[in-house]
Amino acid sequence: RLQGDWSSDVCSSDLVMLHGARGTHQELLPLAQAMTGGCVPILPNLLGHGGRPIPDGFTIRAMAFDILEQMDARGIESAYLFGYSFGGYIAFYLARHAPERIRGVCTLATKILYDKHTVALFTQLSNIDRVRNRQQALMDQRHPGQDWERLVSGLADLYRELGQTPALTDSDLGSITIPTLTISANNDQIVPWPESLKLAYQIGRASCRERV
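Keep in mind the model is a prediction, meaning the values are calculated, not measured.

A.B. asks: Help me out: how do you make sense of a nonpolar patch on the surface in this one?
C.D. replies: Judged by side-chain polarity, Y84, L108, L181 and I183 come together as a nonpolar surface patch covering roughly 310 Å² of accessible area. Judged by relative accessible area, which is 48%, L181 ranks as partly exposed.

Quick look at the structure:
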């Protein structure tokens, strides 16, 4: 039984899977469906995504604590987190700032460094005309009833803010002590391999394994 967008009963496994920016819980369905051994993941939509109301502005703190509020509503005191892409940033933030609620974190292809190059790239990819020309049908399907252009532009503002004031500093990452696994490919076009290695070693008490 998959628990998309928090619509079902309490999950006994308490695994929460967080999708990426501009996505929805549906992008994680193939992975969730491939899980065996009694794991019953919960797949929420992030704040402002998948038909949820879009806030006037996005912050990592608001997106992270929105997950905690939804956990509270379901009676979940603590959970394991899986975060894909931007969902991994939120997972790391919760591991740092609410470790009593998080039992462990696994991230896939998560970008932590928002330098000038990254901000320029992400804002370019968030150009409304570009998104409308290439993904309008997909965005209409992902975010029904929403002004998804507000979502896209709001996230672009968040990328710029992260470039100025990171929500996760090197000190924050080094302070994470709960079990953490970060996964990335050595040819990822968004998250360069040296950046992935640096992230792995920044996490408190980390070790790194490379597989070809």
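A.B. asks: Help me understand the environment of G88 in this model?
C.D. replies: Mapping G88 onto the fold places it in helix α3 (residues 86–97). For G88, a relative accessible area of 0% translates into the label buried. Spatially, the C-alpha atom of G88 lies 7.9 Å from that of G20, the residues being 68 residues apart in sequence. Contacts of G88, omitting those with residues within four sequence positions, involve G83, T107 and T110.

A.B. asks: Just checking my understanding: could you explain the packing of helix α5 (residues 128–142) against helix α6 (residues 148–164) for this structure?
C.D. replies: Two packed helices can be described by the angle between their axes and the distance between those axes. Where α5 contacts α6, the two axes come as close as 11 Å, and the packing angle between them is 125°. For the element pair α5 / α6, the angle class is oblique. Of the two elements, α5 crosses α6, and the hand of that crossing is right-handed. Residue-level contacts link I128, V131, R132, Q136, M139 and D140 of α5 to W148, E149, V152 and S153 of α6. Taken together, the residues that form the contact of α5 with α6 break down as 5 nonpolar, 2 polar and 3 charged.

A.B. asks: Mind showing me how you'd approach the packing of aromatic side chains here?
C.D. replies: How two aromatic rings sit relative to each other is given by the distance of their centres and the angle of their planes. All told, the structure shown has 6 aromatic pairs when counted by the stated rule. On the numbers, 6.1 Å between centres and 75° between planes, the contact of F86 with Y159 is edge-to-face. Placement of F86 in helix α3 and of Y159 in helix α6 is noted, with a sequence separation of 73 residues between them. Residue Y159 is classed as buried on the basis of its relative accessible area of 6%. Put simply, the rings of F86, Y89, Y114, F122 and Y159 touch in pairs and so form one group of aromatic residues. Over the ring of F65 we find R61; its NZ or CZ atom is 4.4 Å from the centre of that ring.

A.B. asks: Before we go on, may I ask you to explain the pairing of strand β2 (residues 15–18) in this structure?
C.D. replies: Both faces of the sheet carry side chains from a regular strand, because those side chains alternate between them. Residue alternation in β2 divides its side chains into two sets, L15 and M17 and V16 and L18, and both sets are buried. For β2 and strand β4 (residues 79–84), the ladder comprises 4 bridges, and the chain directions are parallel. Bridge pairing in β4 links L15 to Y80.

A.B. asks: Help me out: how do you make sense of the environment of H97 in this one?
C.D. replies: With respect to the helices and strands, H97 occurs in helix α3. On the accessibility criterion, H97 (35% relative accessible area) is partly exposed. As a C-alpha pair, H97 and D172 span 75 residues in sequence and 8.7 Å in three-dimensional space. For H97, the residues in contact, after removing those within four places along its chain, are A167 and D172.

Rules used throughout
Residues numbered from 1 in each chain as written. Predicted model: local features only at pLDDT ≥ 70, side-chain atom pairs only at ≥ 80, totals over all residues. Heavy atoms only, no water. Patch = residues over 30% accessible without salt bridge, like charges linked within 9 Å, V, L, I, M, F, W, Y side chains within 5 Å. Areas by Shrake-Rupley, 256 points an atom, 1.4 Å probe, with all protein chains shown as cover. Salt bridge = Lys/Arg side-chain N within 4 Å of Asp/Glu carboxyl O. Buried < 20%, exposed > 50% of the residue type's maximum accessible area, 1.4 Å probe, protein only. Helix = DSSP H or I, 4+ residues; strand = E, 2+ residues; numbered from the N terminus. Contact = heavy atoms within 4.5 Å. Axes fitted to C-alpha atoms, helices over the stretch in contact; angles between N-to-C directions. Parallel < 35°, antiparallel > 145°, perpendicular 65-115°, else oblique. Left-handed = near helix turned anticlockwise from the far one by under 90°. Nonpolar A, V, L, I, M, F, W, Y, C, P; charged D, E, K, R; others polar. Phe/Tyr/Trp six-rings, centres within 6.5 Å; stacked < 30°, edge-to-face > 60°. Lys NZ or Arg CZ within 6 Å of the ring centre and 35° of its normal. Pairing = 2+ DSSP bridges.

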